[in-house]
Amino acid sequence: MTGSPDTPDVRAGASADASGEGTDSILETRELSMVFGGLVALNRVDLGVGRGTITALIGPNGSGKTTFFNCITGIYKPTRGLVTLRPEGSPAVPLKGLAPDRITHEGLARTFQNIRLFNNLTVLENVLIGRHTRMRAGLWGALTRNKRTRREEREAIDHSFGLLVSYGLDHMANELAKNLPYGDQRRLEIVRALATEPRVLLLDEPAAGLNIGETALLRELILSIRETEKLSILLIEHDMSLVMSVSQKIYVIDYGTLIAQGRPEDIRKDPKVIKAYLGEE
Ligand SMILES: Nc1ncnc2c1ncn2[C@@H]1O[C@H](COP(=O)(O)OP(=O)(O)OP(=O)(O)O)[C@@H](O)[C@H]1O
Ligand SMILES: [Mg+2]
């Protein structure tokens, strides 16, 4: 790689246009790098998620996609670079260095490559946990269960149940999460993320392990979330037909480095992308 991954780039915040991303990105990274010991897992990645769009991040196994999510959600502290959220009508928020719960509060929500539900809690309780990030009652409120806390709890239950209705899981509200079919567990994880009222939804391989029918339902779900919730989505996915059919823009990384970006029809025939994938075989 070129340059030092340790040096913060002072130019980075100056202009979103310098990377060609334009200022209409709700979320963008500039020169985002992550080094594990000697391994450069991300190498100066500039990526922008267009406002209200579905953007995909693809690449062969081990190319750094999940690491990218971990860096922007505060699970890893990036070695260098910037992560900026640009909410409509309010000032840009630098996310690098913020704790994961703070980043959730600012409006990034994610799902995980390996489903992370609370298996022994009910479907509704799992969504309520997502909802808690939007509740204000602190420990004192929880202990005394004062009027405001009770009102907030009622509101949280109503909101969470409303999401289950909207996304077709209400009939299973009182089931334990572990008893749901796999496709519904994936759906529940997405609904839990929505309960945090995100501006940007990050999905890490949501189709992994799904059969063809479940993947078709997932596709409808992703499209309807974008429409209904008016949010922006960043999708990591290996299922190319899903990626190609829902995304407006695709970024491709290989060995932590961006090798291509563009519209699905261009990415599909890009020789560098084809080589990266075939080289995997
Ligand atoms: N905490 C860590 N410590 C050391 N190396 C790591 C760590 N997390 C990821 N890596 C390495 O970083 C590289 C990128 O891994 P990552 O999980 O981001 O890939 P990925 O693109 O999500 O792959 P997949 O498609 O298989 O999910 C891999 O070489 C991985 O072994
Ligand atoms: Mg991954």
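Residues numbered from 1 in each chain as written. Chains lettered and ligands numbered in written order. Predicted model: local features only at pLDDT ≥ 70, side-chain atom pairs only at ≥ 80, totals over all residues.

(A) Representation of the overall build of the protein chain within the structure. Across its full length, the protein chain holds 10 helices and 10 strands. By residue count, 41% of the 281 residues in the protein chain fall in the buried class. Long-range contacts, defined here as pairs at least 24 residues apart, represent 67% of the contacts in the protein chain between residues at least 6 apart. (Helix = DSSP H or I, 4+ residues; strand = E, 2+ residues; numbered from the N terminus. Buried ≥ 20, exposed ≤ 12 C-beta atoms within 10 Å, placed from the backbone. Contact = placed C-beta atoms within 7 Å.)

(B) Quick look at the site of ligand 1. F36, L39, A41, G59, N61, G62, S63, G64, K65, T66, T67 and Q113 make up every residue found near ligand 1. Every element with two or more residues in the shell around ligand 1 is listed here: strand 2 (39–50) and helix 1 (65–72). Counting residues per element, the shell around ligand 1 draws most heavily on helix 1, at 3 residues. Here the shell around ligand 1 is built from residues that sort into 3 nonpolar, 8 polar and 1 charged. (Near = placed C-beta within 6 Å. Nonpolar A, V, L, I, M, F, W, Y, C, P; charged D, E, K, R; others polar.)

(C) Spatial organisation of the sheet that holds strand 5 (residues 93–94). The strand order across the open sheet formed by 4 strands is 2-1-4-5, and the pairing between neighbours is antiparallel. The two strands at the open ends of the sheet, each matched to only one other strand, are strand 2 and strand 5. Packed on one face of the sheet, helix 1 meets strand 1 (25–36), strand 2 and strand 4 (80–85) and runs near 70° to strand 2. (Pairing = 2+ DSSP bridges. Axes fitted to C-alpha atoms, helices over the stretch in contact; angles between N-to-C directions.)

(D) Representation of the pairing of strand 1 within the structure. Where burial is concerned, most of strand 1 is hidden: 10 out of the 12 residues are buried. As defined by bridge partners, strand 1 adjoins strand 2 across 8 bridges and the pair is classed as antiparallel. When the bridges of strand 2 are listed, L27 appears paired with V49. Following strand 1, the chain reverses through 2 residues before pairing antiparallel with strand 2; G37 in that reversal takes a positive phi of roughly 55°. Judged from the 5 bridges that link them, strand 1 and strand 4 form a sheet pairing that is antiparallel. Counted as the bridge partner of R30 is L82 from strand 4.

(E) Spatial organisation of the packing of helix 6 (residues 182–194) against helix 7 (residues 212–229). The interhelical angle for the contact between helix 6 and helix 7, taken along N-to-C directions, is 15°, at an axis separation of 10 Å. What the angle tells us is that helix 6 and helix 7 run roughly parallel. Note that helix 6 runs across helix 7; the crossing there is right-handed. When helix 6 is examined against helix 7, the residues G183, R186, R187, I190 and L194 are found in contact with a partner set consisting of E214, L217, L218, L221, I225 and E229. (Parallel < 35°, antiparallel > 145°, perpendicular 65-115°, else oblique. Left-handed = near helix turned anticlockwise from the far one by under 90°.)

(F) Quick look at helix 7. With 18 residues, helix 7 extends 25 Å from end C-alpha to end C-alpha; this agrees with the ideal 26 Å at 1.5 Å per step. Every buried residue of helix 7 is listed here: L218, I222 and I225. Each buried residue of helix 7 lies within a common arc of 65° when the element is viewed along its axis, so the set occupies one face. Turned more than 90 degrees off the buried face of helix 7, the exposed positions are I212, G213, E220, S224, E227 and T228. Next to the buried residues of helix 7 lie strand 3 (54–58), helix 6, strand 7 (200–204), strand 8 (232–236) and helix 8 (240–246). (Expected span 1.5 Å × (residues − 1). Arc of directions from axis to C-beta.)

(G) Helix 1, seen in detail. Of all 8 residues in helix 1, 7 are buried; the element is thus mostly enclosed. By the burial criterion, the buried members of helix 1 are K65, T67, F68, F69, N70, C71 and I72. Phi turns positive, to about 85°, at G74, one or two residues after helix 1.

(H) Spotlight on the sheet that holds strand 10 (residues 257–262). The strand order 6-7-8-3-9-10 describes an open sheet built from 6 strands, whose pairing is mixed. The outermost strands of the open sheet, each flanked by one partner alone, are strand 6 (108–110) and strand 10. Strand-to-strand twist of the sheet, defined as the mean angle between neighbouring strand axes without regard to direction, takes the value 20°. Pairing geometry for strand 7 and strand 8, over 5 bridges, is parallel. The residue bridging D204 from the neighbouring strand is I236, located in strand 8.

(I) Representation of the environment of F36. Counting through the fold element by element, F36 comes out in strand 1. The exposed category is assigned to F36, around which 11 C-beta atoms lie within 10 Å.

(J) Spatial organisation of the confidence of the model for the protein chain. Averaged over every residue, the pLDDT of the protein chain is 88; residues scoring 70 or more account for 88%. Low pLDDT, under 50, characterises residues 1–22; the stretch is placed with 32 contacts to residues that sit more than four places away or in other chains. (pLDDT = per-residue confidence, 0-100.)

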